[in-house]
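Observations on the model geometry
Single-letter residue listing:
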Amino acid sequence: MKVWWWLLAGVFAVGAAAQGQVPCALHGDTYTCDWNGLEQTLSQAQTVSVVGDRIERYTAVQLHRLVTELGKTAAKGDERGDLTFAVEDPPNHGIAYGPMDHPLAELCIYDNRLEGKNRLVWVETFRGQPDRPWQSTVHAVIAQFEARFGHH
């Protein structure tokens, strides 16, 4: 279950997306995000908070490593960063049939700097076999984001 304020952030993001004010919009069950907007947001941010649905030690370590590699400072304790990185479970749509291509994890990036609201600016979705271990899935979604980020 996601933290209530993440859900609230998603509601603001979807509502504002209809007005063209947010770089990330939900279409069906797929997010469409603006890469250039993410690059600009990342370049302006200084600190990053790390949270997630299953924020166990492995996920936290991997997200802190990503924050460092991006040249940002990890926010300490309950401090609110300019951005928040979260690895989350995507919504479950029931029974998964067939191999591969099921959403397993989402690396969500929120911008916390605007009027105290969390604005969704990027969702990296990793898809694969549903019986994959969580730590492997976390590693894969972060590696997928790093590969994309390295090619732009």
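Described in the following lines is the structure provided in the data block. Keep in mind that this is a model prediction, so the values were computed, not measured.

1. Quick look at the overall build of the protein chain
Assigned secondary structure in the protein chain consists of four helices and seven strands. Each helix and strand of the protein chain, placed in order from N terminus to C terminus, yields the pattern α-β-β-α-β-α-β-β-β-β-α. Within the protein chain, buried positions represent 43% of all 152 residues. If you take every contact in the protein chain between residues at least 6 apart in sequence, the share linking residues at least 24 apart comes to 65%. Just so you have it, the protein chain exposes about 8,500 Å², and 55% of that area is on carbon and sulfur atoms.

2. Here's the deal with the packing of aromatic side chains
If you walk through the whole model with that rule in mind, you get four aromatic pairs. Pairing W35 with F145 gives two aromatic rings, centres 6.3 Å apart and planes at 50°, and the pair type is tilted. Remark: F145 occurs in helix 4 (residues 134-150) and W35 occurs in helix 2 (residues 35-44); sequence separation between them is 110 residues. W35 sits in the buried class, given a relative accessible area of 9%. Centroid distance F145 to F149: 5.8 Å. Interplanar angle 25°. Geometry classified as stacked. Pair noted here: F145 and F149 are both in helix 4, with a separation of four residues, about one helical turn. For F149, a relative accessible area of 28% puts it in the partly exposed group. A connected cluster of aromatic rings, assembled from ring pairs, spans W35, W122, F145 and F149.

3. Points about the state of the cysteines
Within this structure, the stated rule accounts for one disulfide. The thiol sulfur of C108 is not disulfide-bonded, and the nearest other cysteine sulfur, from C24, lies at 8.0 Å. The exposure class assigned to C108 is buried, which follows from its relative accessible area of 3%.

4. What about helix 2?
Listed in full, the buried residues belonging to helix 2 are W35, G37, L38, T41 and L42. The buried residues of helix 2 occupy one face: seen down the axis, they fall within an arc of 155°. Exposed and facing more than 90 degrees away from the buried side of helix 2 are N36 and S43. Along its buried surface, helix 2 packs onto strand 2 (30-33), strand 5 (83-88), strand 6 (102-114), strand 7 (117-128) and helix 4. Where helix 2 begins, the side chain of D34 points an oxygen toward the backbone nitrogen of N36, at a separation of 3.3 Å.

Cut-offs used in this document
- Residues numbered from 1 in each chain as written.
- Predicted model: local features only at pLDDT ≥ 70, side-chain atom pairs only at ≥ 80, totals over all residues.
- Heavy atoms only, no water.
- Helix = DSSP H or I, 4+ residues; strand = E, 2+ residues; numbered from the N terminus.
- Buried < 20%, exposed > 50% of the residue type's maximum accessible area, 1.4 Å probe, protein only.
- Contact = heavy atoms within 4.5 Å.
- Areas by Shrake-Rupley, 256 points an atom, 1.4 Å probe, with all protein chains shown as cover.
- Phe/Tyr/Trp six-rings, centres within 6.5 Å; stacked < 30°, edge-to-face > 60°.
- Disulfide = S-S within 2.5 Å.
- Arc of directions from axis to C-beta.
- Polar contact = N/O pair within 3.5 Å; in protein donor to acceptor, adjacent residues only side chain to side chain.

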